[in-house]
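Coordinate analysis (summary)
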Amino acid sequence: MSIDAIAPIASVAPMSAALGSPDRGVQAGSGANFGSMLAQGLQKLQDAQNTADDLAVQAATGKLTDVHDYIIAATEANLATSLTVAVRNRALDAFNEIMRMQA
Amino acid sequence: MGIFGAIGIAGTGVTVYRKWLDAVSDNIANVNDAVPTSADVFRARYVQAQAVHYGDGDGGVVVAGTALGPAKGRLVYEPDNPIADRQGYVKYPDIDLGSQMTQLIMAQRAYQANLTVVDRAKDAYQAAIQVGKG
């Protein structure tokens, strides 16, 4: 019986080819997308706060026609702030979790 | 409409019912305005609510306008009234106080209902923010 000769080891494929494949899970642009999403969210929060502030000034100066307008605007600003803080905390948690990986 | 849609929509409802309350209050305030038969009598105002379609627009409700009650008024025999005409009649607005009080209750309850929606929507959104914190 004959034993086949050991085949030479094929050269290792370059890593860049595997990393550069389009079906990679994380796209390069996703970081920027999250950033712009966050910026948009902050802009909307700023708008909500400004609306509530304007209505508060109107209430103080006696120009407010609808009491509920201010209450609703304040509620929306409050919710938007809570949401932004929640998103920020989650993002920070995710970042901390990643930082703990190297330990 | 922002991300807190339900709050904004309920807010438009609150505005409409506030205006309806104003209209009813104006009608009740003027229910006894006697005028000479030759003059124009006060006409009741009725708020016309109109839906803002949720699919096409933001959703909610707006006041499309106000409709006026009958211009004729009702003739009342009050010969002692200094503004009575030669036959002893004056004109009063054609407003039924009982119907106005019913509308007042409806407007008040609907106002409160819309504010309850605002409150519940706030609770719901806050619960959504709390997801995963437990």
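Scoring rules and cut-offs
- Residues numbered from 1 in each chain as written.
- Chains lettered and ligands numbered in written order.
- Predicted model: local features only at pLDDT ≥ 70, side-chain atom pairs only at ≥ 80, totals over all residues.
- Helix = DSSP H or I, 4+ residues; strand = E, 2+ residues; numbered from the N terminus.
- Buried ≥ 20, exposed ≤ 12 C-beta atoms within 10 Å, placed from the backbone.
- Rg over C-alpha atoms; globule rule 2.2 N^0.38 Å.
- Contact = placed C-beta atoms within 7 Å.
- Nonpolar A, V, L, I, M, F, W, Y, C, P; charged D, E, K, R; others polar.
- pLDDT = per-residue confidence, 0-100.
- Pairing = 2+ DSSP bridges.
- Axes fitted to C-alpha atoms, helices over the stretch in contact; angles between N-to-C directions.
- Parallel < 35°, antiparallel > 145°, perpendicular 65-115°, else oblique.
- Core = buried A, V, L, I, M, F, W, Y, C linked by C-beta atoms within 7 Å.

The subject of this paragraph is the overall build of chain A. Secondary structure summary: chain A contains 3 helices and 0 strands in total. Sorting the 103 residues of chain A into buried and exposed places 11% on the buried side.

A few words on the overall build of chain B. Scanning chain B for helices and strands turns up 2 helices and 4 strands. Beginning at the N terminus, the succession of helices and strands in chain B can be written as α-β-β-β-β-α. Here the C-alpha atoms of chain B give a radius of gyration of 22 Å, more than 25% beyond the 14 Å that 2.2 N^0.38 yields for 134 residues. Along the first, second and third principal axes, the C-alpha atoms of chain B reach 80 × 30 × 15 Å. Per-residue burial over chain B gives 20% buried out of 134 residues. Sequence-distant contacts in chain B: of pairs separated by 6 or more residues, those separated by 24 or more amount to 62%.

With 13 residues of chain B at the interface, the matching set in chain A holds 10 residues. At the level of secondary structure, the elements contributing two or more residues to the side of chain B that touches chain A comprise α1 (5-29) and α2 (97-130) of chain B. Take the side of chain B that touches chain A: its biggest share by element is 6 residues, from α2 of chain B. Of the residues contributing to the side of chain B that touches chain A, the split by class is 7 nonpolar, 4 polar and 2 charged.

The subject of this paragraph is the confidence of the model for chain B. Low pLDDT means the predicted coordinates in that region are not meant to be read closely. Across chain B, pLDDT averages 91, with 98% of residues at or above 70. What the predictor reports for the complex is a pTM of 0.75 with an ipTM of 0.74.

All names here are of chain B. Burial within strand β2 (residues 61-68) is sparse, with just 0 of its 8 residues counted as buried. Of the pairings in the sheet, the one linking strand β1 (residues 45-51) to β2 comprises 7 bridges and is antiparallel in character. Across the sheet, the residue bridging to Y46 is A67, located in β2.

In this section: the packing of helix α3 (residues 67-100) of chain A against α1 of chain B. Running from N to C, α3 of chain A and α1 of chain B point in directions that differ by 175°, and their axes come no closer than 10 Å. The orientation of α3 of chain A with respect to α1 of chain B, classified from their angle, is roughly antiparallel. Within the contact between the two elements, α3 of chain A uses H68, I72, T75 and E76 of chain A and α1 of chain B uses I7, G11 and V14 of chain B. Counted by class, the contact of α3 of chain A with α1 of chain B contains 3 nonpolar, 3 polar and 1 charged residues.

I7 and A10 of chain B are the most contacted members of the largest nonpolar core, which has 21 residues in total. Breaking this core down by element, the ones donating at least two residues are α2 (30-61) and α3 of chain A together with α1 and α2 of chain B. The element contributing the most residues to this core is α1 of chain B, with 8 residues. If near-sequence neighbours (up to four positions away) are discounted, I7 of chain B is found in contact with I72, T75 and E76 of chain A together with V118, A121 and K122 of chain B.

As for its position among the elements, I28 of chain B is in helix α1. Sequence separation between I28 of chain B and Q48 of chain B is 20 residues, and the spatial gap between their C-alpha atoms is 18 Å.

This brings us to the environment of Y70 of chain A. Position of Y70 of chain A relative to the elements: it lies in helix α3. If we ignore the near neighbours within four places in the chain, the residues touching Y70 of chain A are L55, A56, A59 and L64 of chain A.

Turning next to the confidence of the model for chain A. Taken residue by residue, chain A gives an average pLDDT of 80. The fraction at 70 or more is 73%. The secondary structure element of chain A with the lowest average pLDDT is helix α1 (residues 15-19) of chain A, at 51, and the one with the highest is α3 of chain A, at 90.

To continue, consider the packing of α3 of chain A against α2 of chain B. Taken N-terminus to C-terminus, the directions of α3 of chain A and α2 of chain B make an angle of 5°; their axes are 10 Å apart at the nearest point. Considering the angle they form, α3 of chain A stands roughly parallel to α2 of chain B. Facing α3 of chain A, whose interface residues are H68, I72, T75, L79, S82, L83 and A86 of chain A, α2 of chain B presents L115, V118, K122, Y125, Q126 and I129 of chain B. The residue makeup of the contact of α3 of chain A with α2 of chain B, split by class, is 8 nonpolar, 4 polar and 1 charged.

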